[in-house]
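# Observations on the model geometry
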Amino acid sequence: MTQASIQAVAHEAGVSVSTVSRAFAKPDLVLPETRERVMAAAEKLNYRISRSAAALKSGQSFRIALLLSESIVTWFNSRIYAGLDSVFHPAGYDISVFSMTNADERRNFFTDLPVRRNADAVVVSSFNIEPDESRKLKSMNVPIVGINIPSNNGFDAGVSIDDHAAEHIAVDHLVALGHHRIAYIGYDETDDRSALRYSASARLQGFMDACNSYPGVTPMPLSLDHAPSAVCLCDDELAIPALFRLRQYGRRIPQDLSLIGFDDNLYAPSLGLTTLHQDPYAMGAKAAQKTLALISSDSKHPSAAAEPRFETPQVQLMLRETTAPYVDPDA
């Protein structure tokens, strides 16, 4: 069957040729009922728009670059991706994933992108952007949107939880239960091969500041002879194995030791893990909406279309079975 022309589709749908073009290239600018009529006409007439032709006409690549510091298969990153795709895919955009595991990969991305111009926007998850990197992207009118970024500097918009305040919530809960010897378990972030600063680093500082705000509360390492009565872990991927291992060693959770994780991932509810809930899917979808607004906006005032530019979703403490009031073993 011969493919129909765009004019034939416009006639069949009862709209202009420019409306047909927008329905494919920028569906968010077309009324849903109009787009459905165009899509039905295109299907009936076997019309398929050329992606390369649309890109040449609009000057867009219809591609979004997603920069990750870890594998996309992690719970957080996979949910971020799903949230982004829920908005970008219906709008006709693809997502290209770039892993920033070392300094060379990071340097190559910010060197090659301005030359290739093969992305309409850059979404950065969980780490910082350097001033020189920001300047390179802004020089080619490529908006930069962050998700859980350590600082808003260099970004046009972002959706990030307050890691520092979230860890304060965990400490507040433990202190209210009577715990005064509290430990923190996180990752070693002294490796600077990727030259990244991570948003999760604020969790440790939040933990320390919260503990120090209470008289008599001691933030302590796990190696001391006088063991802590409670532990905050920087994410559920650490908390869940720790929960299993401690029980294998005969420690009763929460009678002997209270545990609080961070994320509320897929397994946390079924395991009864008390944890701090964040929603990376919702953050991804919100970041995608801001990105599309920036792409469509006046290049002289790109941030105006994405107001509010930066949003801070609330983190919620999920009370489950791994925390309990402190009981003095010597009492």
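Residues numbered from 1 in each chain as written. Predicted model: local features only at pLDDT ≥ 70, side-chain atom pairs only at ≥ 80, totals over all residues. Heavy atoms only, no water.

## Section: the overall build of the chain
On a plain count of helices and strands, the chain comes out with twelve helices and twelve strands. Across the 331 residues of the chain, 45% fall into the buried class. Considering only intrachain contacts with a sequence separation of at least 6, the fraction spanning at least 24 residues in the chain is 72%. Of the roughly 16,500 Å² of accessible surface on the chain, 53% is carried by carbon and sulfur atoms. (Helix = DSSP H or I, 4+ residues; strand = E, 2+ residues; numbered from the N terminus. Buried < 20%, exposed > 50% of the residue type's maximum accessible area, 1.4 Å probe, protein only. Contact = heavy atoms within 4.5 Å. Areas by Shrake-Rupley, 256 points an atom, 1.4 Å probe, with all protein chains shown as cover.)

## With respect to the packing of helix 8 (residues 163–176) against helix 9 (residues 201–212)
Contact pair helix 8 / helix 9: the axes reach a minimum separation of 7 Å and the direction vectors enclose 45 degrees. On the basis of the axis angle, helix 8 is oblique to helix 9. As helix 8 packs across helix 9, the resulting crossing turns out to be right-handed. For the pair formed by helix 8 and helix 9, the contact residues are D163, H164, E167, H168 and V171 on the first element and A202, R203, Q205, G206, F207, D209, A210 and C211 on the second. The class makeup of the residues in the contact of helix 8 with helix 9 is five nonpolar, four polar and four charged. (Axes fitted to C-alpha atoms, helices over the stretch in contact; angles between N-to-C directions. Parallel < 35°, antiparallel > 145°, perpendicular 65-115°, else oblique. Left-handed = near helix turned anticlockwise from the far one by under 90°. Nonpolar A, V, L, I, M, F, W, Y, C, P; charged D, E, K, R; others polar.)

## Quick word on empty space enclosed by the protein
Summed over all chains, the structure comprises one cavity of 30 Å³ or more. The space that makes up the largest cavity amounts to roughly 40 Å³. The wall of the largest cavity is formed by K26, D28, Y93, L292, I295 and S296. Residues that form the lining of the largest cavity fall into these classes: three nonpolar, one polar and two charged. (1 Å grid on protein atoms, 1.4 Å probe; cavity = no way out; pocket = protein on both sides within 12 Å on 5 of 7 lines; lining within 4 Å. Points joined across faces, edges and corners; volume = space filled by probe spheres on them.)

## A closer look at the sheet that holds strand 2 (residues 94–99)
Reading across the sheet, the six strands line up as 2-1-3-4-5-11 and stay open at both edges, with parallel pairing between neighbours. Among the strands making up the open sheet, the edge pair consists of strand 2 and strand 11 (310–311). Strand direction decides the pairing type here: strand 4 (residues 144–147) and strand 5 (residues 157–159), joined by three bridges, are parallel. When the sheet's bridge partners are listed, I147 is paired in strand 5 with V159. (Pairing = 2+ DSSP bridges.)

## What to know about helix 1 (residues 6–13)
Because an α-helix packs 3.6 residues into every turn, residues spaced three or four apart end up facing the same way. For helix 1, the complete set of buried residues consists of I6, V9, A10 and A13. Along helix 1, the residues classed as buried sweep out an arc of 100 degrees about the axis, all on the same side. G14 sits one or two positions beyond helix 1 and adopts a positive phi of about 75 degrees. (Arc of directions from axis to C-beta.)

## As for the environment of I161
Tracing the chain through its elements places I161 in the loop between strand 5 and helix 8. Residue classification places I161 among the buried positions, given a relative accessible area of 7%. Each C-alpha atom of the pair I161 and P150 lies 9.6 Å from the other, and the pair is eleven residues apart in sequence. The residues contacting I161, other than those within four sequence positions of it, are N148, R203, F262, Q278, M283, T312, P313 and V315.

## Things to note about the sheet that holds strand 7 (residues 218–219)
An order of 7-6-8-9-10-12 is seen for the six strands of this open sheet, with the pairing classed as mixed. Of all the strands in the sheet, the pair left with one neighbour each is strand 7 and strand 12 (316–318). Of the strands in this sheet, strand 6 (181–185), strand 7, strand 8 (230–233) and strand 9 (258–263) are in contact with helix 9, which crosses strand 6 at around 170 degrees.

## Brief notes about the nonpolar core
Residues L84, F88, Y93 and I182 are the most contacted members of the largest nonpolar core, which totals 46 residues. The element that contributes the greatest number of residues to this core is helix 12 (residues 280–296), accounting for seven residues. In this structure, L84 is in contact with L66, I95, V123, I147, G284, A285, A287 and A288, ignoring residues within four places of it in sequence. (Core = buried A, V, L, I, M, F, W, Y, C linked by side-chain atoms within 4.5 Å.)

## What about the pairing of strand 3 (residues 121–125)?
Counting buried positions over the five residues of strand 3 gives five, a clear majority of the element. By the alternation rule, side chains of strand 3 split into A121, V123 and S125 and V122 and V124, which are all buried. Sheet analysis places strand 1 (residues 63–68) next to strand 3, joined by four bridges and oriented parallel. Its bridge partner lying in strand 3, L66 is registered against V123. Across four bridges, strand 3 lies against strand 4 in parallel orientation. Residue pairing for strand 4: V122 is matched across the bridge by I144. Considered for its hand, the β-α-β crossover made up of strand 3, helix 7 (residues 131–139) and strand 4 is right-handed. (Right-handed = clockwise from strand over helix to strand, strands pointing away.)

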